[in-house]
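Examining the three-dimensional arrangement
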Amino acid sequence: FILWKYCQYVAGASLQAADCLLSSPKNSRSVSSDVSIHWGGGRHHADPRKASGFCFINDVCLAINHMLKYNTIDSSTRILYLDIDIHHGDGVQRAFYDSESVLTVSLHRYA
């Protein structure tokens, strides 16, 4: 139960951060912002069928998919996912490897 609640909070906060980026002052579902940071997010290793690297949910993929689905600004908008971490954001890369709408860049300490 505690793990389930934790995953809900992490995912919910990432979706809220995505909403901040999607919102415009005219049609605001939430606070409008050009930059949105979720310090407790970034669970970038999980795959759809398994946990990995202590990541039980991939909140990054949920937020990116949310932005792609609800983007009403421009249908040609592309998303850059920049992962600056000590190791590779493999779950996000695998999720969007064949996508023309998402570019993933992972800068990490170890190859």
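To keep things clear, this report deals only with the structure shown in the data block. (Residues numbered from 1 in each chain as written. Predicted model: local features only at pLDDT ≥ 70, side-chain atom pairs only at ≥ 80, totals over all residues. Heavy atoms only, no water.)

Some thoughts on the overall build of the protein chain
What counts, and what does not: Helix and strand labels come from DSSP, where a helix needs a run of H or I of at least four residues and a strand needs a run of E of at least two; each type is numbered from the N terminus. Relative accessible area decides the class of each residue, using a 1.4 Å probe on protein chains only: under 20% of the type maximum gives buried, over 50% gives exposed, and in between gives partly exposed. Any two residues having at least one pair of non-hydrogen atoms within 4.5 Å are treated as being in contact. The method behind every accessible area is Shrake-Rupley, applied with a 1.4 Å probe, and residues are considered shielded solely by the protein chains displayed. As used throughout, the charge tally considers Lys and Arg to be positive and Asp and Glu to be negative, leaving His and the chain termini uncounted. In this description, the location of a charge corresponds to atom NZ of lysine, CZ of arginine, CG of aspartate or CD of glutamate.
Helix and strand content of the protein chain: three helices and two strands. For the protein chain, the spread of C-alpha atoms along the three principal axes comes to 40 × 35 × 25 Å. Among the 111 residues that make up the protein chain, the fraction classed as buried is 30%. If you take every contact in the protein chain between residues at least 6 apart in sequence, the share linking residues at least 24 apart comes to 49%. Counting every atom, the protein chain has about 7900 Å² of accessible surface; 58% of that belongs to carbon and sulfur. Here the protein chain contributes 10 positive and 10 negative side-chain charges, whose respective centroids are spaced 6 Å apart.

Comments concerning helix α1 (residues 2-22)
Counted only if it meets this: In this scheme, a helix's expected span is set at 1.5 Å multiplied by one less than its residue total.
Over its 21 residues, α1 extends 30 Å from the first C-alpha to the last, a length consistent with the 30 Å expected when each residue adds 1.5 Å. Looking at the buried positions of α1, the neighbouring elements they touch are α2 (59-70).

A look at the pattern of salt bridges
Note the following rule: What counts as a salt bridge is simple: a side-chain nitrogen of Lys or Arg found within 4 Å of a carboxyl oxygen of Asp or Glu.
This model, assessed by the stated rule, comprises two salt bridges. For D47, the salt bridge goes to R94, with nearest N and O atoms at 3.0 Å. Linking D47 in the loop between α1 and α2 with R94 in helix α3 (residues 90-95), this pair joins segments that are 47 residues apart in sequence. Judged by its relative accessible area of 21%, D47 falls in the partly exposed class. Judged by relative accessible area, R94 falls into the partly exposed class, the value being 45%. The residue D90 makes a salt bridge to R94 at a minimum N-O spacing of 3.4 Å. Here D90 and its partner R94 are both found in helix α3, four residues apart, which amounts to about one turn of the helix.

Overview of α2
Helix length check: α2, at twelve residues, gives a terminal C-alpha distance of 16 Å against a target of 16 Å (1.5 Å per residue), a fit within 8%. Against the buried residues of α2 lie α1, β1 (79-85), α3 and β2 (102-108).

Remarks on a nonpolar patch on the surface
Counted only if it meets this: To count toward a patch, a residue needs a relative accessible area above 30% and no salt bridge. Like charges then connect within 9 Å, nonpolar side chains (Val, Leu, Ile, Met, Phe, Trp, Tyr) within 5 Å.
Among the surface-exposed residues, L80, L82, I84, L103 and L107 lie close enough to one another that they form a single nonpolar patch of about 530 Å² accessible area. Of all the secondary-structure elements, those providing two or more residues to the nonpolar patch are β1 and β2. Sort the elements by how many residues they give to the nonpolar patch and β1 lands first, with three residues. With respect to the helices, strands and loops of the structure, L107 is situated in strand β2.

Structural notes on the pairing of β1
As a reminder, the rule being used: Here, a strand pair is defined by DSSP locating no fewer than two bridges between the strands. A crossover gets the label right-handed when its path from the first strand over the helix to the second runs clockwise, viewed with the strands pointing away from the viewer.
Summarising the sheet, β1 and β2 pair through seven bridges and their orientation is parallel. If you follow I84 over to β2, its bridge partner there is L107. With respect to chirality, the unit in which β1 leads through α3 into the neighbouring parallel β2 is right-handed.

None of this, on its own, says anything about what the molecule does.
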